[in-house]
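Fold and geometry: a report
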Amino acid sequence: MVIGLVAIVATGWVFWTFRGFDPQAPGVYWNMAMRLAETGNSAEATVWKRKVADGLSFEEVDESIKSVALEQNIRDVGSLPLGEQVSLMQESEWRKLKIYLYCNPMTAAKMVEVSEAYSAYLPCRVSLVEDANGDLWIYSLDMDMMIHGGKPLPPELLEEALEVKETILAILDQAAEGSF
């Protein structure tokens, strides 16, 4: 009986807390909480990641990321060869790590018009990183929280944000397989 009462109270709290939010918000936060519980790592809970197929080199995946981004028609606004910088600064080899910056400037501007806080999430980042075992991974911020985590975005902006999300996921999925 106590468990049932707790469940009813918890359900009521969730509905009260998320009133006026995007209908997908509870699921977004649930998924994030489950990843946090599984990994114990808040960063892991808020990203998408793909393991790169065995046999692909860092350079091949680097070219694949750029190729898929170009094919997806998202603007390349820079890159940060962080692994190279660390190697130079410590005067010895360090693992590979490169961060790619992509943006749809008009969608970004509309997001900032909704809330200036979105500027902290701009531009979209994709990272290619070699882990401690020498395996390659591609990461990006899980955009679902930004898109669905609060009050609904205006319909036109939601459509654009979902297109950017699909573009970033296409980069992750295709580059992890070495597509060009």
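Keep in mind the model is a prediction, meaning the values are calculated, not measured. (Residues numbered from 1 in each chain as written. Predicted model: local features only at pLDDT ≥ 70, side-chain atom pairs only at ≥ 80, totals over all residues. Heavy atoms only, no water.)

**What about the overall build of the chain?**
- What the chain contains, in helices and strands, is eight helices and five strands.
- Going residue by residue from the N terminus, the α and β elements of the chain occur as α-α-α-β-α-β-α-β-α-β-β-α-α.
- In terms of overall dimensions, the chain has C-alpha extents of about 60 × 40 × 30 Å along its principal axes.
- Looking at the chain as a whole, 34% of its 180 residues are labelled buried.
- Restricting to contacts in the chain with at least 6 residues of sequence separation, those with at least 24 account for 71%.
- As displayed, the chain offers around 11,000 Å² of accessible surface, 60% of which is attributable to carbon and sulfur atoms. (Helix = DSSP H or I, 4+ residues; strand = E, 2+ residues; numbered from the N terminus. Buried < 20%, exposed > 50% of the residue type's maximum accessible area, 1.4 Å probe, protein only. Contact = heavy atoms within 4.5 Å. Areas by Shrake-Rupley, 256 points an atom, 1.4 Å probe, with all protein chains shown as cover.)

**What about empty space enclosed by the protein?**
- Evaluated as defined, the whole model comprises one cavity of 30 Å³ or more.
- What the largest cavity holds in volume is close to 130 Å³.
- As for the largest cavity, its lining consists of 14 residues, of which Thr107, Met111, Leu122, Cys124 and Val164 are closest to the centre.
- Put simply, the parts of the chain that give the lining of the largest cavity at least two residues each are β3 (97–103), α6 (105–114) and α8 (155–176).
- Tallying contributions element by element places α6 first for the lining of the largest cavity, with three residues.
- Tallied by class, the residues present in the lining of the largest cavity amount to twelve nonpolar, two polar and no charged. (1 Å grid on protein atoms, 1.4 Å probe; cavity = no way out; pocket = protein on both sides within 12 Å on 5 of 7 lines; lining within 4 Å. Points joined across faces, edges and corners; volume = space filled by probe spheres on them. Nonpolar A, V, L, I, M, F, W, Y, C, P; charged D, E, K, R; others polar.)

**A closer look at the packing of helix α4 (residues 58–71) against α8**
- Close contact between α4 and α8 brings their axes to 9 Å; oriented N to C, the two are set at 140°. One finds that α4 runs oblique with respect to α8. The crossing of α4 and α8 is right-handed. Facing Val61, Ser64, Ile65, Val68, Ala69 and Glu71 of α4, the residues of α8 in contact are Ala170, Ile171, Gln174 and Ala175.
- For the contact of α4 with α8, a count of residues per class yields seven nonpolar, two polar and one charged. (Axes fitted to C-alpha atoms, helices over the stretch in contact; angles between N-to-C directions. Parallel < 35°, antiparallel > 145°, perpendicular 65-115°, else oblique. Left-handed = near helix turned anticlockwise from the far one by under 90°.)

**Concerning the sheet that holds strand β2 (residues 75–80)**
- Ordered by their spatial adjacency, five strands build an open sheet running β1-β5-β4-β3-β2, and the pairing between neighbours is antiparallel. Edge positions in the open sheet fall to β1 (47–51) and β2, since each of these has one partner strand only. Direction aside, neighbouring strands of the sheet carry axes that sit 20° apart on average.
- When β2 meets β3, the two strands line up antiparallel, connected through five bridges. (Pairing = 2+ DSSP bridges.)

**Digging into the packing of aromatic side chains**
- Inspection of the entire model under this criterion finds zero aromatic pairs.
- Between the NZ or CZ atom of Lys49 and the centre of the ring of Trp137, over which it lies, the distance is 5.0 Å.
- Of note, Lys96 hangs over the ring of Phe58, and the distance from its end group to the ring centre comes to 5.8 Å. (Phe/Tyr/Trp six-rings, centres within 6.5 Å; stacked < 30°, edge-to-face > 60°. Lys NZ or Arg CZ within 6 Å of the ring centre and 35° of its normal.)

**Observations concerning the pattern of salt bridges**
- Overall, the coordinates contain twelve salt bridges when judged by the stated rule.
- As a salt-bridge pair, Lys51 and Asp54 come within 3.2 Å of each other at their nearest N and O atoms.
- Given a relative accessible area of 67%, Asp54 falls into the exposed group.
- For Asp135, the salt bridge goes to Lys51, with nearest N and O atoms at 3.9 Å. Here Asp135, found in the loop between β4 (124–130) and β5 (136–141), pairs with Lys51, found in strand β1; they are 84 residues apart in sequence, far enough to count as distant.
- One network of salt bridges, in which partners are shared, links Asp62, Glu63, Lys66 and Lys98. (Salt bridge = Lys/Arg side-chain N within 4 Å of Asp/Glu carboxyl O.)

**Some points on the packing of α6 against α8**
- Interhelical geometry of α6 versus α8 gives an angle of 130° and a closest axis separation of 10 Å. In this view, α6 runs oblique relative to α8, as classed from their interaxial angle. In the crossing of α6 with α8, the sense of the turn from one axis to the other is left-handed. Mapping the contact onto sequence places Met106, Thr107, Lys110, Met111 and Val114 in α6 and Glu156, Leu157, Glu160, Ala161 and Val164 in α8.

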